Amino acid sequence: MLTLAESTLVLAKIRAHHGNAPITDLEARTFHEELRADANLADAMESVRRFYANNETGRWMLSGDVNAGIRRIQGPRIPDAVRIP
């Protein structure tokens, strides 16, 4: 699970794409509460990188987008039933 400081870093990376708007305490805590419990900093940051590498709309990334990206990143790491002894 991400710490509040780590999830705030993820939010800051998102904000960097939109003019570095200041982050309030409420925004940081809300974003933190909405992230997956199994999230880690490396996967969350990679999720942001992938989102903005392919973002042609200018849409802001939301916590649900981060969670979906993390799920796509972590999915291949989960062994399927065939490989579990």
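Residues numbered from 1 in each chain as written. Predicted model: local features only at pLDDT ≥ 70, side-chain atom pairs only at ≥ 80, totals over all residues. Heavy atoms only, no water.

Where helix α3 (residues 41-53) contacts helix α4 (residues 63-74), the axes come no closer than 8 Å and their chain directions differ by 105°. By the angle between their directions, the pair α3 and α4 is classed as roughly perpendicular. Between α3 and α4, the residues in contact are Asp43, Ala44, Glu46, Ser47, Val48, Arg50 and Phe51 and Asp65, Val66, Gly69, Ile70, Ile73 and Gln74, respectively. (Axes fitted to C-alpha atoms, helices over the stretch in contact; angles between N-to-C directions. Helix = DSSP H or I, 4+ residues; strand = E, 2+ residues; numbered from the N terminus. Parallel < 35°, antiparallel > 145°, perpendicular 65-115°, else oblique. Contact = heavy atoms within 4.5 Å.)

Let us look at unusual backbone geometry. Residues other than glycine seldom take positive phi values, yet Asn20 does so here, at roughly 55°. Inspection of the secondary structure assignment puts Asn20 in the loop between α1 (4-16) and α2 (25-34).

Of note, Glu33 is situated in helix α2. Between the C-alpha atoms of Glu33 and Leu4, which are 29 residues apart in sequence, the distance is 8.8 Å.

Looking now at the environment of Gly58. Mapped onto the fold, Gly58 is located in the loop between α3 and α4. Gly58 sits 41 residues away from His17 along the chain, and the two C-alpha atoms are 9.0 Å apart.

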